[in-house]
Protein chains: 2
Amino acid sequence: MNTAATTRDPELTRRQILAAALELFVDQGFADVSMRQIAEKSGVTKSLIHHHFGSKDALWEATKEAALSRYVADQMQELEQATTVDGSLLRDGVIKYFRFLQDNPQVVRLLAWTHMEGDATCGEMDAALARLGAERVRQAQQGGVFRSDVNPMHVVTMFVLVCTQWFQARSHHAQWPGMGSDEEFLSDFLAIYMDGLAPPPAD
Amino acid sequence: MNTAATTRDPELTRRQILAAALELFVDQGFADVSMRQIAEKSGVTKSLIHHHFGSKDALWEATKEAALSRYVADQMQELEQATTVDGSLLRDGVIKYFRFLQDNPQVVRLLAWTHMEGDATCGEMDAALARLGAERVRQAQQGGVFRSDVNPMHVVTMFVLVCTQWFQARSHHAQWPGMGSDEEFLSDFLAIYMDGLAPPPAD
DNA sequence: GCATGAACTGGCCGGCCGGTCAATTGCCGC
DNA sequence: GCGGCAATTGACCGGCCGGCCAGTTCATGC
């Protein structure tokens, strides 16, 4: 029958280990996860993890790399395929980013853990992403679509901060009285954000 | 001379333990701090920490309580002493909150750790704060100072998310090209935020 | 068909973990 | 001044930690 199912498959093993490690690290953070937990969850021996990844620290780096490089690639593709530069591009970008975080809570938490570590490596990864976004905003400013008296990178950063923290601290703010749903918050944010970016009325 | 310096002082001991615990927990997170580290840093025995606080978990709760209750009290006082309800009240509130986080990086990180834990307890603590802020916004909306088509709690949440995440993920975004200083970002955020909140021009 | 090396296993290591406990020290009310 | 009790100490516990290593299994190239 299927030979590959019962035989050795180091690539599959690596993927199983990475998947188990991602889930546990995302839930509990690096320090609170033991190699024994990862071994049990992935169905392999603790020694085998060391064989493939070397150490707990190296596995953590590999886990972050695997999860976040895919995320950056996805986002970059979204941004590059956009051609027109107008107000709706930014609006759609915000919505896409919001939906992405909504659909990928693991990425949200993984990013949060790296922030707590002060890890600068993955900041570099999406710096290119941010630069590209800021460039689009700058073009829209020059085209008179947005006000020109604000730093384009700040415009990008502003919505990234809002979306990220909305999902990151969800358990916290969800208890605040009168807080609306994801959709309602996104809608109100966009209303204030987009109107705040409108150029001053011509005088 | 000073008798209190060499003699027993359980209150001082408690404060020393809490101070050391706060610093370590803020830096490394709960899971990565050992009772031995806290003992060494605070200059007391590990057993003594157990005597005063019972367990590592209880010390963690006491540490959060001690640090965050002061923070909430400070903020609440700020908000309550405000009397007039106009646009500059919100603007000043944002600035005060931004400055507070700027001056208290420990609070920023402590809040971040509790978010990662999914701790709901301290969310309750500042729910009253958020409710009061939202009420002020609602009053301003009724007074025609702000647009009325957005949820007041979302208005409050929006600036809290921006300020919090700005400092929380600083090491990350600081690498983005063209990013400005704290002051420049705050200024640009306020410009977009306050203009976005302006009521639609009367027709 | 067999040598080779990677994939994989189980057991073991020293060390640190949070927590306990019996014993000592010093303050304070009587 | 002394009895009692909280504050404080250091030694100790079982258990888990990350990592290592000697040995076994298996695919693959010759």
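Residues numbered from 1 in each chain as written. Chains lettered and ligands numbered in written order. Predicted model: local features only at pLDDT ≥ 70, side-chain atom pairs only at ≥ 80, totals over all residues. Heavy atoms only, no water.

Chemist: An account of the domain arrangement of chain A is needed here, citing residue identities and associated values.
Modeler: Residues and elements named next belong to chain A. In terms of domains, chain A is made up of domain 1 (1–54) and domain 2 (67–197). Measuring from the centre of the C-alpha atoms in domain 1 to the corresponding centre in domain 2 gives 32 Å. Across the contact, eight residues belong to domain 1 and six residues belong to domain 2. The tally of links between domain 1 and domain 2 comes to zero salt bridges. (Domains from an automatic or database assignment. Contact = heavy atoms within 4.5 Å. Salt bridge = Lys/Arg side-chain N within 4 Å of Asp/Glu carboxyl O.)

Chemist: Just give me the short version of the relation of the copies chain B and chain A, but keep the residues and values in it.
Modeler: With an axial shift of 0.0 Å and an RMSD of 0.1 Å, the rotation relating chain B to chain A amounts to 180°. Here the copies are linked by what is in effect a two-fold axis. Using C-alpha coordinates, one finds that chain B approaches the rotation axis most closely at B:G196, a distance of 1.8 Å. Take the interface residues of chain B: 100% of them recur as interface residues in chain A, which is what a same-surface contact looks like. (Least-squares fit on C-alpha atoms with pLDDT ≥ 70 in both.)

Chemist: Describe the protein's contact with DNA strand C, naming the residues involved and giving the relevant values.
Modeler: In the vicinity of DNA strand C there are 20 residues, among which A:T45, A:S47, B:T7, B:R8 and B:K46 approach most closely. When atoms of DNA strand C within 4 Å of the protein are sorted by moiety, sugar and phosphate together comprise 50%. The side chain of A:T13 places a nitrogen or oxygen atom 3.3 Å from a phosphate oxygen of DNA strand C. Within the side chain of B:S47, one N or O atom sits 3.3 Å away from a base oxygen of DNA strand C. Taken together, the elements giving at least two residues each to the surface near DNA strand C come down to α2 (10–28) and α4 (46–53) of chain A together with α2 (35–42) and α3 (46–53) of chain B. The greatest single-element share of the surface near DNA strand C, amounting to four residues, is contributed by α4(A). Of the residues belonging to the surface near DNA strand C, the class tally is four nonpolar, 10 polar and six charged. (Near = heavy atom within 4 Å. Polar contact = N/O pair within 3.5 Å; in protein donor to acceptor, adjacent residues only side chain to side chain. Helix = DSSP H or I, 4+ residues; strand = E, 2+ residues; numbered from the N terminus. Nonpolar A, V, L, I, M, F, W, Y, C, P; charged D, E, K, R; others polar.)

Chemist: If you had to explain the protein's contact with DNA strand D to someone new, which residues and values would you point to?
Modeler: Taken together, 20 residues sit near DNA strand D, with A:T7, A:R8, A:K46, B:T45 and B:S47 positioned nearest. The sugar and phosphate moieties of DNA strand D supply 48% of its atoms located within 4 Å of the protein. Contact distances for DNA strand D include 2.9 Å between a phosphate oxygen and a backbone N or O atom of A:M35. Separating a phosphate oxygen of DNA strand D from a side-chain N or O atom of B:T13 is a distance of 3.1 Å. Elements with a contribution of two residues or more to the surface near DNA strand D: α3 (35–42) and α4 of chain A together with α1 (10–28) and α3 of chain B. Residues that form the surface near DNA strand D fall into these classes: four nonpolar, 10 polar and six charged.

Chemist: Please set out the packing of helix α8 (residues 152–168) of chain B against helix α10 (residues 182–197) of chain B residue by residue, giving values where relevant.
Modeler: Residues and elements named next belong to chain B. In the contact formed by α8 and α10, the axes pass within 12 Å of each other and the chain directions differ by 165°. On the basis of the axis angle, α8 is roughly antiparallel to α10. Of the two elements, α8 crosses α10, and the hand of that crossing is right-handed. Contact with α8, carried on its side by V155, V156, M158, F159, V162, W166 and F167, involves D182, F185, F189, Y193 and L197 of α10 and no other residues of that element. A class-by-class count of the residues in the contact of α8 with α10 yields 11 nonpolar, no polar and one charged. (Axes fitted to C-alpha atoms, helices over the stretch in contact; angles between N-to-C directions. Parallel < 35°, antiparallel > 145°, perpendicular 65-115°, else oblique. Left-handed = near helix turned anticlockwise from the far one by under 90°.)

Chemist: Explain the interface of chain B and chain A residue by residue, including any values.
Modeler: Residue-level contacts link 53 residues of chain B with 53 residues of chain A. Both faces combined, the contact of chain B with chain A buries some 4900 Å², and carbon together with sulfur accounts for 67% of it. There are two salt bridges connecting chain B and chain A. For A:R147, the salt bridge goes to B:D195, with nearest N and O atoms at 2.9 Å. Here chain B and chain A share 20 residue pairs in polar contact (both at pLDDT 80 or more) between them. Elements supplying a minimum of two residues to the side of chain B that touches chain A: α6 (105–117), α7 (121–142), α8, α9 (170–173) and α10 of chain B. Element by element, the count of residues in the side of chain B that touches chain A is highest for α8(B), at 12 residues. (Buried area = accessible area lost by both parts, 1.4 Å probe.)

Chemist: Explain the pattern of salt bridges to me, using residue names and the numbers behind them.
Modeler: Residues and elements named next belong to chain B. Going through the model one piece at a time under the given rule, you end up with 18 salt bridges over all chains. The residue K64 makes a salt bridge to D119 at a minimum N-O spacing of 2.7 Å. Residue K64 is located in helix α4 (residues 56–80), and its partner D119 is located in the loop between α6 and α7; the two are separated by 55 residues in the primary sequence. With respect to class, K64 is no different from D119; both count as buried. Where D149 meets R147, a salt bridge forms, and the shortest distance between an N and an O atom there is 2.8 Å. (Buried < 20%, exposed > 50% of the residue type's maximum accessible area, 1.4 Å probe, protein only.)

Chemist: Residues and numbers for α3(A), please.
Modeler: Residue and element names in this part refer to chain A. Listed in full, the buried residues belonging to α3 are M35, I38, A39 and S42. Along the axis of α3, the buried residues cluster in a sector spanning 100°; they form a single face. Opposite its buried face, α3 presents the exposed residues R36 and E40, each directed more than 90 degrees away. Buried residues in α3 make contact with α2, α4 and α5 (56–80). (Arc of directions from axis to C-beta.)

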